[in-house]
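An overview of the molecular structure
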Amino acid sequence: MTDKFDKTPAGSPAGQVSVSKGATPAPENIKAIPVRHVGRWISGVVVIGLLIALGYAFSQGNIQWHAVGDKLFDSTVVAGAGRTLLISVLAMVLGVILGVVLAVMRLSKNPVTSWVAWLYIWFFRGTPVYVQLLLWFNLALIFPVLNIPFIYKDEMTDVMTPFMCALLGLALNEAAYMAEICRAGIQSVDEGQTEASHALGMTQGKTMRRVVLPQALRVIIPPTGNEFINMLKTSSLVYAVTYNELLRSTSQIGSTSYAVMEMLFVASIWYIVMTSVFSVGQYYLERRFARGSLRSLPLTPLQRVKVNLAAFGNRPSGGVSA
């Protein structure tokens with residue numbers, strides 16, 4: 001017969017066991033020590049210090065800040081901002097339309113149309129916008145008279161007004177970039193979509209309009225929004241063709257009032273406001289066209305604020321429980 005050994009730990013009272021049979025000892029609490037990011041604190045302090053130094057430098061400069069506020073909504077400035085917006089929208093619309101046509105031509109199996117589209121894109125992407133604007137502005141040096149037989153005839157100087165020079169210079173240049181953006185969007189659509197459309201009896205043009213282009217918009221929209229925001233800033237170059245847009249309007253006021261730097265600040269504020277407004281519109285437009293590719297759309301900034309406020313309001317008064 002085997003003897004039974006006493007399994008009571010030494011030093012414990014007889015009959016008292018520290019851990020009962022089958023029970024699991026409680027785990028010790030883990031004390032998490034967060035990692036100290038010393039570099040982040042140092043870089044943050046350095047950046048804040050530089051911003052303070054920059055702000056102090058501007059505050060000590062010879063700048064009449066009250067002139068910025070006085071001229072911000074001047075009628076001449078507001079009219080210039082309106083013309084900037086007008087020329088940007090019209091140039092972008094023409095650029096998108098012509099860009100789609102060039103993209104389709106570039107992807108065509110016809111070697112002539114494909115080569116012409118490639119040549120157009122090569123030229124307008126290879127020359128600066130400023131040079132193109134000057135070429136249109138001085139076109140009368142090459143063609144003094146615009147003569148379209150039986151249709152139209154007039155002096156080129158009367159045809160190429162500052163508005164027309166600005167519109168053609170910006171729109172034709174933008175079309176070259178939009179052509180490449182549209183070509184990338186069209187090529188992103190699976191070829192099986194085209195094959196299925198042809199199997200249903202749809203023509204090449206109908207397939208492009210109803211099947212390929214609607215799906216390609218999801219890829220085309222984001223860079224197109226960036227191009228329009230860039231167009232708002234590039235429109236300042238039409239100053240060279242004497243079109244009275246925002247920069248020219250503010251510069252004229254600055255030259256007569258000797259508030260040159262102040263009026264440049266006014267122009268910068270207007271450009272920032274316009275680009276910010278259209279950036280918000282671009283966000284919601286991208287979100288709309290992403291509905292077919294995402295299972296759940298990301299929350300908008302306003303929805304995030306509402307969720308955070310609701311979570312803060314539902315928080316227990318005693319604090320967050322462990």
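Overview of the structure.

Rules used throughout
- Each chain has its residues counted from 1, running along the sequence as written.
- Predicted model: local features are reported for residues with pLDDT of at least 70 only, side-chain atom pairs are reported and counted for 80 or more only, and whole-chain, interface and lining totals are derived from all residues.
- Here the side-chain values reflect all heavy atoms present in the structure, with hydrogen atoms and water set aside.
- Helix numbering and strand numbering both begin at the N terminus, where a helix is a DSSP run of H or I of at least 4 residues and a strand a DSSP run of E of at least 2.
- Working definition: with a 1.4 Å probe on protein chains only, accessible area under 20% of the residue-type maximum means buried, over 50% means exposed, and in between means partly exposed.
- Under the convention used here, a 1.4 Å probe and the Shrake-Rupley method define accessible areas, while residue burial counts only the protein chains that appear.
- Think of a salt bridge as a Lys or Arg side-chain nitrogen and an Asp or Glu carboxyl oxygen that are within 4 Å of each other.
- In a helix, the anticipated span is given by 1.5 Å times the number of residues less one.
- Two axes define the bend at a residue: one fitted to the seven residues ending there, one fitted to the seven starting there, and the bend is the angle between them.
- Interaxial angle, 0 to 180 degrees, is taken between N-to-C directions of lines fitted to C-alpha atoms, where a helix line uses only the stretch in contact.
- Oblique is the label for any angle not covered by the other classes, which are roughly parallel (under 35 degrees), roughly antiparallel (over 145) and roughly perpendicular (65 to 115).
- It is the rotation of the near helix from the far one that decides the hand of a crossing: anticlockwise by less than a right angle makes it left-handed, clockwise makes it right-handed.
- A contact between two residues is defined here by any heavy atoms of the two lying within 4.5 Å.
- The classification used treats Ala, Val, Leu, Ile, Met, Phe, Trp, Tyr, Cys and Pro as nonpolar, Asp, Glu, Lys and Arg as charged, and all other residues, Gly among them, as polar.
- Each Phe, Tyr or Trp ring (for Trp, its six-membered ring) is paired with any other whose centre lies within 6.5 Å, and the angle between the two planes then decides the class: stacked below 30 degrees, edge-to-face above 60, tilted in between.
- In this analysis the charged atom, NZ for Lys or CZ for Arg, is taken to sit over a ring once it is within 6 Å of the ring centre and within 35 degrees of the ring normal.

As for the overall build of the protein chain
Of regular secondary structure, the protein chain possesses twelve helices and two strands. Overall, the protein chain shows an N-to-C arrangement of helices and strands of α-α-α-α-α-β-β-α-α-α-α-α-α-α. The proportion of buried residues among the 322 residues of the protein chain is 28%. If you sum the accessible surface of the protein chain, you get close to 22,100 Å²; carbon and sulfur atoms cover 65% of it.

A few points about unusual backbone geometry
In this model, Phe 150 sits at a positive phi of 65°, which is unusual for a non-glycine residue. With respect to the helices and strands, the residue Phe 150 is situated in the loop between strand S1 (145-148) and strand S2 (152-155). Since its relative accessible area comes to 90%, Phe 150 is described here as exposed. Phi angles above zero are rare outside glycine, and Tyr 258 is one such case at about 60°. On the basis of relative accessible area, Tyr 258 is assigned to the exposed category, the value being 74%.

What to know about the pattern of salt bridges
Applying the stated criterion across every chain yields a total of three salt bridges. One salt bridge connects Arg 106 with Glu 180, and the closest N-O pair in it is separated by 2.9 Å. In this pair, Arg 106 sits in helix H3 (residues 75-106) while Glu 180 sits in helix H7 (residues 162-187), placing the two residues 74 residues apart along the sequence. Taking the relative accessible area as the measure of exposure, Arg 106 reaches 22% and is therefore partly exposed.

Section: the environment of Leu 134
Its place among the elements puts Leu 134 in helix H5 (residues 129-137). A residue is classified by how much of its surface remains accessible, and Leu 134, at 29% relative accessible area, is partly exposed. Placed 107 residues apart in sequence, Leu 134 and Val 241 show a C-alpha to C-alpha distance of 6.9 Å.

Things to note about H7
Count 3.6 residues to each turn of an α-helix, and residues three or four apart come out pointing the same way. A rise of 1.5 Å per residue sets the reference length of H7, with its 26 residues, at 38 Å; its end C-alpha atoms lie 38 Å apart and thus fit the reference within 8%. The principal kink in H7, of about 25°, is found at Ala 176. For H7, a buried count of 19 out of 26 residues is recorded, marking the element as mostly surrounded by other parts of the structure.

Let's talk about the packing of H3 against helix H11 (residues 260-289)
Two elements in contact, H3 and H11, have axes separated by 11 Å at closest approach and are oriented at 40°. Taken together, the axes of H3 and H11 are oblique relative to one another. Here H3 and H11 pass one another in a crossing that is right-handed. When H3 is examined against H11, the residues Val 77, Val 78, Ala 81, Thr 84 and Leu 85 are found in contact with a partner set consisting of Met 263, Val 266, Trp 270, Tyr 271, Met 274 and Phe 278. For the contact of H3 with H11, the per-class residue count stands at ten nonpolar, one polar and no charged.

A look at the packing of aromatic side chains
Counting across every chain of the model gives eight aromatic pairs. Consider the rings of Phe 163 and Tyr 243, whose centres lie 5.9 Å apart with planes at 50°: the pair is tilted. Taken together, the residues span a long stretch of sequence, with Phe 163 in helix H7 and Tyr 243 in the loop between helix H9 (204-234) and helix H10 (246-257) at a distance of 80 residues. Classification of Phe 163 by relative accessible area gives partly exposed; the value is 29%. By relative accessible area, which is 8% here, Tyr 243 ends up buried. Arranged with centres 4.8 Å apart and planes meeting at 70°, the rings of Phe 228 and Phe 278 form a pair that is edge-to-face. You can see Phe 228 sitting in helix H9 and its partner Phe 278 sitting in helix H11, a full 50 residues away along the chain. With a relative accessible area of 32%, Phe 278 lands in the partly exposed category. Sitting over the ring of Tyr 239, Arg 248 keeps its end group 5.3 Å from the ring centre.

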